[in-house]
Amino acid sequence: MKLLIQLLTPTEMASYEGCALALTLATFGHEVQLYLDAPVFGLLMQPASRLHGMIQSLELYDMPAAWLPDDVFSGWITGMLPIDLASQLTLIPEVVNASDFEQILRF
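Read on for an overview of the structure. Since the structure is predicted, the reported quantities are computational estimates derived from the model, not experimental observations. (Residues numbered from 1 in each chain as written. Predicted model: local features only at pLDDT ≥ 70, side-chain atom pairs only at ≥ 80, totals over all residues. Heavy atoms only, no water.)

This part is about the packing of aromatic side chains. For any two aromatic rings, the description comes down to two numbers: the centre-to-centre distance and the angle of the planes. The final tally for this structure, using the stated rule, is one aromatic pair. An angle of 80° between the planes, with centres 6.3 Å apart, marks the rings of Trp67 and Phe101 as edge-to-face. Of this pair, Trp67 sits in strand β3 (residues 66–68) while Phe101 sits in the loop between β4 (89–91) and β5 (103–106), placing them 34 residues apart in sequence. (Phe/Tyr/Trp six-rings, centres within 6.5 Å; stacked < 30°, edge-to-face > 60°. Helix = DSSP H or I, 4+ residues; strand = E, 2+ residues; numbered from the N terminus.)

This is the structure we're talking about:
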């Protein structure tokens with residue numbers, strides 16, 4: 001199953017739940033793409049946050065880099081994060097076809 005999981009809510013619990021689901025599904029062979037919207041950037045900036053640590057481990061789960069919105073905030077956040085975390089993030093492609101995903105989940 002191919003899923004897109006969007007983390008849109010700036011709370012630790014919502015971002016943790018969404019990211020934990022993504023990692024769990026990836027463990028069982030599902031193709032999962034994470035999208036992190038600007039409201040969760042504050043959590044990425046906190047090294048002690050769960051989201052910060054979970055995003056660092058995307059590669060261990062054979063997940064692609066998480067998508068960020070294509071705006072000025074994304075450039076700022078990737079410049080402020082440690083290299084190991086920034087390497088797990090990329091800008092969202094110009095064209096995303098929602099029909100490519102069997103489900104789109106929003107947290």
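Past the structure itself, the notes keep going.
So, on to the environment of Pro39. Relative to the assigned elements, Pro39 resides in the loop between β2 (31–36) and α2 (41–44). Distance in space between the C-alpha atoms of Pro39 and Glu102 is 25 Å, their sequence separation being 63 residues. Residues within four places of Pro39 in sequence aside, it is in contact with Leu8 and Pro10. (Contact = heavy atoms within 4.5 Å.)

Here we take up the nonpolar core. In terms of nonpolar packing, the biggest core is built from 28 residues, with Leu34, Leu36, Leu44 and Ile55 touching the most fellow members. Elements with a contribution of two residues or more to this core: β1 (2–7), α1 (12–27), β2, α2, α3 (50–56), β3 and α5 (83–86). Counting residues per element, this core draws most heavily on α1, which supplies six residues. Among all residues touching Leu36, those that are not within four sequence positions of it are Leu7, Phe41, Leu44, Ile55, Ala66, Trp67, Leu68, Pro69 and Leu89. (Core = buried A, V, L, I, M, F, W, Y, C linked by side-chain atoms within 4.5 Å. Buried < 20%, exposed > 50% of the residue type's maximum accessible area, 1.4 Å probe, protein only.)

Relative to the helices and strands, Glu12 is located in helix α1. On the accessibility criterion, Glu12 (27% relative accessible area) is partly exposed. The spacing of Glu12 and Gly79 is 67 residues in sequence and 22 Å in space, taken between C-alpha atoms. Residue contacts for Glu12: discarding those within four places in its chain leaves Leu43, Ser49, Arg50 and Leu51. At a separation of 2.7 Å, a polar atom in the side chain of Glu12 contacts the main-chain amide nitrogen of Arg50. (Polar contact = N/O pair within 3.5 Å; in protein donor to acceptor, adjacent residues only side chain to side chain.)

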